[in-house]
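Listed below, chain by chain, are the residues.
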Amino acid sequence: MSVTPREKFLDIFPSLVDELKSILVNYGMPAEAIQWYERSLQHNTPGGKLNRGLSVVDTYTILKGHSSVDELSAEEYKKLAILGWCIELLQAYFLVADDIMDQSITRRGQPCWYKVAGVGDIAINDAFMLEAAIYSLLKSHFKQDSYYVDLIELFHEVTLQTELGQLLDLITAPEDSVDLNKFSLDKHSFIVIFKTAYYSFYLPVALAMYVAGIHDEKDLKQAQDVLIPLGEYFQIQDDYLDCFGTPEQIGKIGTDIQDNKCSWLINKALEIVTPEQRKVLDENYGKKNAKSEAIVKKIYNDIELESYYKDYEENIAKKIQSKIELVDESRGFKKDVLTAFFKKVYKRSK
């Protein structure tokens, strides 16, 4: 029976947990601390969709001209999967910290790590340890490679970019203090590009490029010039689906309006509404009740916000496709990498 790409990727994780635990063993940490670390790794890292991690493997496969991941050697696959798991560890680090900041209750269908009995504020240190695991794995598996420093610098840079996006999000739209005067489409753009696009779209591709030996600045820029606007489009699409999508489509019930999210919809609405409608939005946006949420949604419908999104989507899709068509493949980069990402995003709202 053949294994799915996700199952194959997951098969690598236990050996990485063992490797990370052995670091603690070598430091002489007591058994209870090692068990704690393992629990944190298992609870926080492998439970998501794993799209970012899998994208590293998929991108490398395309760059090397293979028709399937199965054509990679076991050694090649393991190196790429380790980089994929490094992104998943980065994601885990962000989510453990985010959940504490947002006082969230559940994550991926289970209690947030800080909400698990006996964890509490220890989760802050656990988040730091999830991040540190990235650099332990990079050192043990990539130190001999010519691109080792590139990997480290890329992870550091993307981590900072994500944290800058989170900072602007937190000071623009705190859940308990609604001030729509702080909102703007420019701020929204910065937040989603820095908080989501760099680590979710550019990072997996850049990592695969380094392993494939494609590291010319022109090629990294070609990738970034498509993947960053594509990441922004992905998040704007997410904002749209949170309000107008079905729970089946998005896998949850949308909460952006009640949570005072600085979403594309509210920012676009603020550009369109009459002074009277703006007053209603000020009075109801970010309120924790279904009645206020319904009032906000009525205004969204009154101003035909959905049609503004459809126009945006049509325009951005054309722009991104035009950029992909102009990609120079002479140094080994392949536009098929970007087309694969575009297709995944574009089909979500269809």
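Rules used throughout
Residues numbered from 1 in each chain as written. Predicted model: local features only at pLDDT ≥ 70, side-chain atom pairs only at ≥ 80, totals over all residues. Heavy atoms only, no water. UniProt positions renumbered as here; feature names shortened; annotations may be inferred. Helix = DSSP H or I, 4+ residues; strand = E, 2+ residues; numbered from the N terminus. Rg over C-alpha atoms; globule rule 2.2 N^0.38 Å. Buried < 20%, exposed > 50% of the residue type's maximum accessible area, 1.4 Å probe, protein only. Contact = heavy atoms within 4.5 Å. Areas by Shrake-Rupley, 256 points an atom, 1.4 Å probe, with all protein chains shown as cover. Lys, Arg positive; Asp, Glu negative; His and termini not counted. Charge placed at Lys NZ, Arg CZ, Asp CG, Glu CD. 1 Å grid on protein atoms, 1.4 Å probe; cavity = no way out; pocket = protein on both sides within 12 Å on 5 of 7 lines; lining within 4 Å. Points joined across faces, edges and corners; volume = space filled by probe spheres on them. Nonpolar A, V, L, I, M, F, W, Y, C, P; charged D, E, K, R; others polar.

Per an unreviewed UniProt entry, the recorded name for the protein chain is Farnesyl pyrophosphate synthase, and the organism is Maudiozyma barnettii. The protein chain has a UniProt comment under Sequence similarities (unreviewed entry) that states "Belongs to the FPP/GGPP synthase family." In its Cofactor (unreviewed entry) section, the UniProt record describing the protein chain reads: "Mg(2+)".

Visitor: Quick question: what am I supposed to make of the overall build of the protein chain here?
Guide: Summing up its helical and strand segments, the protein chain has 15 helices and two strands in all. Its C-alpha atoms give the protein chain a radius of gyration of 21 Å, within 12% of the compact-globule value 20 Å for 350 residues. Within the protein chain, the proportion of its 350 residues that are buried is 50%. Taking contacts inside the protein chain between residues at least 6 apart in sequence as the whole, the part at least 24 apart equals 76%. Accessible area of the protein chain: about 17000 Å², with a carbon and sulfur share of 53%. Charge separation in the protein chain, taken as the distance between the mean sites of 41 positive and 54 negative side-chain charges, equals 2 Å.

Visitor: How should I be thinking about empty space enclosed by the protein in this particular structure?
Guide: Think of a ball as big as a water molecule: rolled over the atoms, this probe shows where empty space is left. Overall, the coordinates contain two cavities of 30 Å³ or more when judged by the stated rule. Considered as a void within the structure, the largest cavity measures approximately 110 Å³ in volume. Taken together, 13 residues make up the lining of the largest cavity; nearest its centre are H43, N44, V96, D99 and R107. Those elements that place two or more of their residues in the lining of the largest cavity are helix 3 (31-44), helix 5 (74-102) and strand 2 (110-111). The element best represented in the lining of the largest cavity is helix 5, accounting for four residues. Taken as a whole, the second largest cavity spans an internal volume of roughly 40 Å³. Taken together, D239, D242, C243, D256, I257, S263, L265, Y285 and Y300 make up the full set of residues lining the second largest cavity. Considering every element that reaches the lining of the second largest cavity, the biggest residue donor is helix 9 (residues 217-244), with three residues.

Visitor: Would you explain the layout of surface pockets in this entry?
Guide: By volume, the second largest pocket is sized at about 220 Å³. As for the second largest pocket, its lining consists of 13 residues, and the residues nearest its centre are L154, E157, Y202, Y210 and L220. Counting only elements with at least two residues in the lining of the second largest pocket, the list comes to helix 7 (148-172), helix 8 (185-211) and helix 9. By residue number, the principal contributor to the lining of the second largest pocket is helix 7, which donates six residues. Of the residues contributing to the lining of the second largest pocket, the split by class is six nonpolar, two polar and five charged.

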